[in-house]
Amino acid sequence: MASRFSLSRSVHPILKRPTRFLTHSPHFAPTPPLKSRPCPLWSASFSFCLASSSSSSFSPTSLPPPSPPSAMAAAVAAAGDVENPLLKNFEFPPFDSVEADHVRPGVRALLKQLEDDLDELERTVEPTWSKLVEPLEKIVDKLSVVWGMVNHLKAVKDTAELRAAIEEVQPEKVKFQLRLGQSKPIYNAFKAIQESPEWQHLSDARKRIVEGQIKEAVLGGVALDDEKREEFNKVEQELERLSQKFGENVLDATKKFERLVTDKKEIEGLPPTALGLAAQTAVSKGHPGATSEDGPWIITLDGPSFMSVMQHCRNRGLREEVYRAYITRASSGDLDNTPIIDQILKLRLEKARLLNYNNYAEVSMATKMATVEKAQELLEKLRSASWDAAVKDLEELKYFAKSQGAAEADDLRHWDISFWAERLREAKYDINEEELRPYFSLPKVMNGLFNLAKKLFDINIEAADGQAPVWNSDVRFYCIKDSSGSPTAYFYFDPYSRPSEKRGGAWMDEVVGRSRVLSRNGTSPRLPVAHMVCNQTPPVGDKPSLMTFREVETVFHEFGHALQHMLTKVDEGLVAGIRGIEWDAVELPSQFMENWCYHRETLMGIAKHYETGENLPEEVFLKLVAARTYRAGTLSLRQLKFATTDLELHLNYVPGGSASIYDVDQRVSKRTQIIPPLPEDRFLCGFSHIFAGGYAAGYYSYKWAEVLSADAFSAFEDAGLDDNKAVEETGHKFRETILALGGGKAPLEVRY
């Protein structure tokens, strides 16, 4: 009988290694990083930054010996820049010492060396693993090491100088990637392997690599004639530039909005945590005397600030002002993303037609298990099931607001919904999210999460701060060890919002992947390293970061992604961990982990008052569980609106035609929003998932993977969540299948 972990509903190999957004952001709107509950717009990044870096502070027993001098050293010598940290031989990336000035010479020196490596590969290539795949993996890895570091710093420590440096060398990087992806000697060698008698004897992982590389090459233009390939490459260069610019505009527009408040009556209703954060922001913006009690306060469009206003501020006028600012981000002036969106859609359609597809949605589905028709069928089925429930949600909200004497009860607008929904939730379930914060301090949440990981997957997670360079003093570094005490992986955790320099949302990203070819000691595989990035409420004053329950879910979610990267047992680097996993299925581990936030033993293990150590009261836990499906119809419909709009833009929209992108949005909204969007709504200008990430014609994957994760968790429910032995046994099976096999086995074939 098929396993409950069988990924039979969807799949697609990640062949082209785009920046991959797996973000989990506040549920209100699309912002950049990826789950079981239907709420946020996610946006994060699998940029495949395969980095290998140096940190001599690790003890000899905790890490394999350093690599011998390599082609990276040759690149350093060629550049004549032995001080450039991007080109040094390291165990962990020197995040603390990379500056914008290092980017141009470092990337160019590396590209020169890689051009030579590629020349050599094409000259000597044979259809064997050692003469094709291994040298190819080394080339890909070298570029990913450097570019991954630079791109990551841009996401978490953005500066004008770094942007300018990246913008200058990015076309050169893309040019090399195109040459590599369109190499006919490499493509022909992979085809020869597939057609050889040895094909049937290859492992599943190796077959996946060959099949994936062939498909990637075709979608990358290898089969085009010279004229069309030149046109294709121009399109790819421009798409890369536009995507980068789109994301920068969203960040800049978010930073640009600041609302200074000097009268506390204006922000009546904001809880102490939000007041403290607003005062802390004011201090950082030139108001040194700002306090939580007396102000002044600064409201921003960053997640924690924005959501606090929308959910708690009694000042309806301020809520409207902040809401309108949010939905029109990056839609005017120098930061207007409208022309960028139009051009992106135009170029994607051109790319599709060059590849002999009718539209870009078909290109996207070429690497997924789903078809356009199956994705549409799923979205419509879910929309029909959600609509009536969402209508009831709104009617219930209106009735409640009226009972509270709200003048706006009969005409609730967008800026009223979150406010009254929070009040109704408090009344209906007697839960106040702000009053729960003291029970969810970040240190206790992480400790509980690590205890769960030990129980399910038999791993130990230990702090390793100081053993690897970090990009900010708030970043933590951890080591994962197996039951014998041997290190198996490492990860960074960057938890707090930094709106002046850090992209919004939450994401998990690869730093380096597990790899036999890139072994550091010639015997054992290179160990995987990941980073998790969130944007939760930072510590205020002497208090630790006190989290909302949504922020707790976000951490569990991103940790699920990280586990699939870190607990892989596949040694073939091109399909190890998160690499090569079909996009429709990639959200399974992340959404699976969210389910544990509602498991009594797990939640009680993390929910302890940060001052008294008191456990969360049992009745509060039961209310949290009861409230899990609160307004589920509305939240589901919101995700379906994003997914349907995404498909429509990439399937039926005609760039330059009579209908604008906003006409498409309005048309989709008639079937997916109970309250129509405002005429000036420009949420598309902040939809980083599909215009600055990897979710173009793929946002439906969130809903698709939701089904997969529910199936996976039901295996634990069937085994008995209160039966520790059964949970441990089922967790072992989950680890040995879903987490261990990664992209090395077709999801349809994953069984236990």
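Anything mentioned here points back to the structure above.
Given the structure is predicted, the values throughout are model-derived calculations rather than measurements.

Participant: What should I look at first to understand the sheet that holds strand S4 (residues 476-481) in this one?
Facilitator: Note on sheets: strands pair through backbone hydrogen bonds, and any given pair is parallel or antiparallel. Strands sit in the order S3-S4-S5-S7-S6 across an open sheet of 5 strands; the sheet is mixed. Each having just a single partner strand, strand S3 (460-463) and strand S6 (507-512) make up the two edges of the open sheet. The mean inter-strand angle of the sheet, taken between neighbouring strand axes irrespective of direction, is 25 degrees. Sheet contacts for helix H3 (residues 129-156): strand S5 (487-496), S6 and strand S7 (529-536); angle to S7, the most-contacted strand, approximately 15 degrees. Docked against the sheet, helix H17 (residues 549-566) engages S3, S4, S5, S6 and S7, running at close to 170 degrees with respect to S7.

Participant: Help me out: how do you make sense of a negative patch on the surface in this one?
Facilitator: Side chains of Asp-225, Glu-227, Glu-230 and Glu-231 sit close together on the surface and give a patch of like negative charge. Among the structural elements, Asp-225 can be located in the loop between helix H6 (204-219) and helix H7 (226-256). Judged by relative accessible area, which is 44%, Asp-225 ranks as partly exposed.

Participant: Explain the pattern of salt bridges to me, please; I cannot follow it from the model alone.
Facilitator: Oppositely charged side chains can pair when the atoms bearing their charge come close. Scanning all chains against the criterion turns up 58 salt bridges. For Arg-179, the salt bridge is made with Glu-122, and the minimal N-O distance between the two is 2.9 Å. Taken together, the positions of Arg-179 in helix H4 (residues 160-181) and Glu-122 in helix H2 (residues 100-124) put the pair 57 residues apart, joining distant regions of the chain. A residue is classified by how much of its surface remains accessible, and Arg-179, at 26% relative accessible area, is partly exposed. Judged by relative accessible area, Glu-122 falls into the partly exposed class, the value being 23%. One salt-bridge network, in which partners are shared between bridges, spans Arg-104, Arg-108, Glu-168 and Glu-172.

Participant: Looking at this structure, I do not really get the side chain of Ser-364. What am I missing?
Facilitator: Here Ser-364 is to be found in helix H12 (residues 360-365). A relative accessible area of 7% means that Ser-364 is categorised as buried. A distance of 3.1 Å separates the side chain of Ser-364 from the backbone oxygen of Ala-697, its partner in a polar contact.

Participant: Honestly, the nonpolar core in this entry has me stumped. Any pointers?
Facilitator: Generally speaking, soluble globular proteins have nonpolar side chains that are buried together. One finds Phe-440, Phe-457, Phe-491 and Phe-559 to be the most contacted residues of the largest nonpolar core, which totals 77 residues. With 9 residues, the top contributor of residues to this core is helix H16 (residues 442-457). Sequence-distant contacts of Phe-559, that is, excluding residues within four places in its chain, are made with Leu-449, Phe-450, Ala-453, Ile-461, Phe-491, Met-532, Met-566 and Met-593.

Participant: Help me out: how do you make sense of H17 in this one?
Facilitator: Structural remark: α-helix, 3.6 residues per turn; residues separated by three or four positions point the same way. Here H17 contains 18 residues, and its C-alpha end-to-end distance of 25 Å stays within 8% of the 26 Å for a straight helix at 1.5 Å per residue. Extensive coverage of H17 is indicated by the burial of 17 of its 18 residues.

Participant: Teacher, can you tell me more about the packing of aromatic side chains here?
Facilitator: Given two aromatic rings, one states the distance between the centres and the angle between the planes to describe the pair. Evaluated as defined, the whole model comprises 39 aromatic pairs. A ring pair is formed by Phe-450 and Tyr-478, whose centres lie 5.1 Å apart and whose planes are at 75 degrees; its orientation type is edge-to-face. Placement of Phe-450 in helix H16 and of Tyr-478 in strand S4 is noted, with a sequence separation of 28 residues between them. Just as Phe-450 is buried, Tyr-478 falls in that class too. Chaining the aromatic ring pairs together yields one cluster made of Trp-583, Phe-642, Phe-683, Phe-687, Tyr-695, Tyr-699 and Tyr-702. The residue whose ring lies beneath Arg-348 is Tyr-360, and the NZ or CZ to ring-centre distance is 5.5 Å. Positioned above the aromatic ring of Trp-507 is the side chain of Arg-503, whose terminal nitrogen or guanidinium carbon lies 3.7 Å from the ring centre.

About the criteria used
- Residues numbered from 1 in each chain as written.
- Predicted model: local features only at pLDDT ≥ 70, side-chain atom pairs only at ≥ 80, totals over all residues.
- Heavy atoms only, no water.
- Pairing = 2+ DSSP bridges.
- Helix = DSSP H or I, 4+ residues; strand = E, 2+ residues; numbered from the N terminus.
- Axes fitted to C-alpha atoms, helices over the stretch in contact; angles between N-to-C directions.
- Contact = heavy atoms within 4.5 Å.
- Patch = residues over 30% accessible without salt bridge, like charges linked within 9 Å, V, L, I, M, F, W, Y side chains within 5 Å.
- Areas by Shrake-Rupley, 256 points an atom, 1.4 Å probe, with all protein chains shown as cover.
- Salt bridge = Lys/Arg side-chain N within 4 Å of Asp/Glu carboxyl O.
- Lys, Arg positive; Asp, Glu negative; His and termini not counted.
- Charge placed at Lys NZ, Arg CZ, Asp CG, Glu CD.
- Buried < 20%, exposed > 50% of the residue type's maximum accessible area, 1.4 Å probe, protein only.
- Polar contact = N/O pair within 3.5 Å; in protein donor to acceptor, adjacent residues only side chain to side chain.
- Core = buried A, V, L, I, M, F, W, Y, C linked by side-chain atoms within 4.5 Å.
- Expected span 1.5 Å × (residues − 1).
- Phe/Tyr/Trp six-rings, centres within 6.5 Å; stacked < 30°, edge-to-face > 60°.
- Lys NZ or Arg CZ within 6 Å of the ring centre and 35° of its normal.

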